[in-house]
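Take a look at the letters that make up each chain.
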Amino acid sequence: MFGEAFSIHRLDEATSGLILVAKTHECQKRMYAHFREREVKKEYRALLRGHLKGDTGQVRKPLRCDWPNRPRQIVCTDEWSKDSITFWEKMDYEGQTTRVRLTPFTGRSHQLRVHMQSLGHGIIGDEFYDDQYTNEPRLLLHAYRLEFRHPFTQAWLAFVAPALLKDNVNSLKVFQFRR
């Protein structure tokens, strides 16, 4: 129906929200460059266990694969680790949880999930990193916003997928870039 699609970036399997795919190799190549140069703004929303202290913060902890427990990642400072940075902002408290806005500066596998766990506040529904996981229906981590320059026209684009973090509802919208 839509022809070929070429991956530009990915989400963890359990994460809901926006993804970006290209219809041509040239578009894919240009968007890869935007991601590599950190020209794409990404915002996630999550619901964390407990009350996160403070209003804003930054987590800067190196990550690497936990080889015996793949696909899990761990905070580690050995030679194979990669620097990882996440900015967070408390939106509000909801009962015994905290709704947060997460902005990754780097894009490592499971970065947001490991960084929140390292603060002592796992993302609800995270079977890998939520120490209090009790078989919730889904991970409450959502790719909420993507902003970037159009790969051909350079127009600034912003896409938002409302975060339905308490409902087990996912919606799919398809946007096409034409050259």
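Residues numbered from 1 in each chain as written. Predicted model: local features only at pLDDT ≥ 70, side-chain atom pairs only at ≥ 80, totals over all residues. Heavy atoms only, no water.

Turning our attention to the overall build of the chain. Along the chain, the regular secondary structure elements total 2 helices and 11 strands. When the helices and strands of the chain are read in sequence order from the N terminus, they spell out β-β-β-α-β-β-β-β-β-β-α-β-β. Rg of the C-alpha trace for the chain: 17 Å, near the compact-globule value of 16 Å for 179 residues, within the 12% margin. C-alpha atoms of the chain, sized along the principal axes, occupy 45 × 40 × 30 Å. Classification of the 179 residues of the chain by burial places 44% in the buried group. Taking contacts inside the chain between residues at least 6 apart in sequence as the whole, the part at least 24 apart equals 60%. When the accessible surface of the chain is summed, it comes to about 10600 Å², and 49% of that surface belongs to carbon and sulfur atoms. Here the chain contributes 29 positively and 22 negatively charged side chains, and the mean placements of these two sets differ by 5 Å. (Helix = DSSP H or I, 4+ residues; strand = E, 2+ residues; numbered from the N terminus. Rg over C-alpha atoms; globule rule 2.2 N^0.38 Å. Buried < 20%, exposed > 50% of the residue type's maximum accessible area, 1.4 Å probe, protein only. Contact = heavy atoms within 4.5 Å. Areas by Shrake-Rupley, 256 points an atom, 1.4 Å probe, with all protein chains shown as cover. Lys, Arg positive; Asp, Glu negative; His and termini not counted. Charge placed at Lys NZ, Arg CZ, Asp CG, Glu CD.)

Turning next to helix 2 (residues 111-118). By the criterion of burial, helix 2 is predominantly enclosed, with 6 of the 8 residues buried. Here helix 2 has its buried residues at Gln111, Leu112, Arg113, Val114, His115 and Met116. Downstream of helix 2 by one or two residues, Gly120 has phi in the positive range, about 85°.

For strand 4 (residues 41-49), a buried count of 8 out of 9 residues is recorded, marking the element as mostly surrounded by other parts of the structure. Inspection of the sheet shows strand 4 paired to strand 10 (residues 141-149) by 6 bridges, in the antiparallel sense. The residue of strand 10 that forms the bridge with Ala46 is Leu141. Relative to strand 9 (residues 97-104), strand 4 runs antiparallel, the two being bridged by 6 bridges. (Pairing = 2+ DSSP bridges.)

Another aspect to go through is the side chain of Thr98. One can find Thr98 in strand 9. Classification of Thr98 by relative accessible area gives buried; the value is 0%. Separated by 2.7 Å, the side chain of Thr98 and the backbone oxygen of Gly50 make a polar contact. Residues within four places of Thr98 in sequence aside, it is in contact with Ala46, Leu47, Leu48, Gly50, His51, Leu52, Lys90, Asp92 and Tyr93. (Polar contact = N/O pair within 3.5 Å; in protein donor to acceptor, adjacent residues only side chain to side chain.)

What follows is about helix 1 (residues 25-36). Between its terminal C-alpha atoms helix 1 stretches 16 Å, which fits the 16 Å expected from 12 residues at 1.5 Å a residue. Looking only at helix 1, the buried set comprises Cys27, Gln28, Met31, His34 and Phe35. Looking straight down helix 1, one finds its buried side chains confined to an arc of 120°; they lie on one side. What points out from helix 1, more than 90 degrees from its buried face, is the exposed set His25, Lys29 and Arg36. (Expected span 1.5 Å × (residues − 1). Arc of directions from axis to C-beta.)

A few words on the packing of aromatic side chains. Inspection of the entire model under this criterion finds 2 aromatic pairs. With 6.0 Å between their ring centres and 80° between their planes, Phe128 and Tyr129 make a pair best called edge-to-face. On the accessibility criterion, Tyr129 (4% relative accessible area) is buried. Sitting over the face of the ring of Tyr144, Arg45 holds its NZ or CZ atom 3.7 Å from the ring centroid. (Phe/Tyr/Trp six-rings, centres within 6.5 Å; stacked < 30°, edge-to-face > 60°. Lys NZ or Arg CZ within 6 Å of the ring centre and 35° of its normal.)

Turning to the nonpolar core, a few remarks are in order. General note: in soluble globular proteins, nonpolar side chains tend to be found buried as a group. If you look at the biggest cluster of nonpolar residues, it comprises 15 residues, and the most contacted ones within it are Tyr44, Ala46, Leu48, Leu102, Met116, Ile123 and Leu141. The element contributing the most residues to this core is strand 4, with 3 residues. Excluding its chain neighbours within four sequence positions, the residues that come into contact with Met116 are Leu48, Val59, Thr86, Trp88, Leu102, His121, Gly122 and Ile123. Counting residues in each nonpolar core, the second largest holds 14 residues, with Phe6, Phe35, Leu157 and Phe159 among its members. (Core = buried A, V, L, I, M, F, W, Y, C linked by side-chain atoms within 4.5 Å.)

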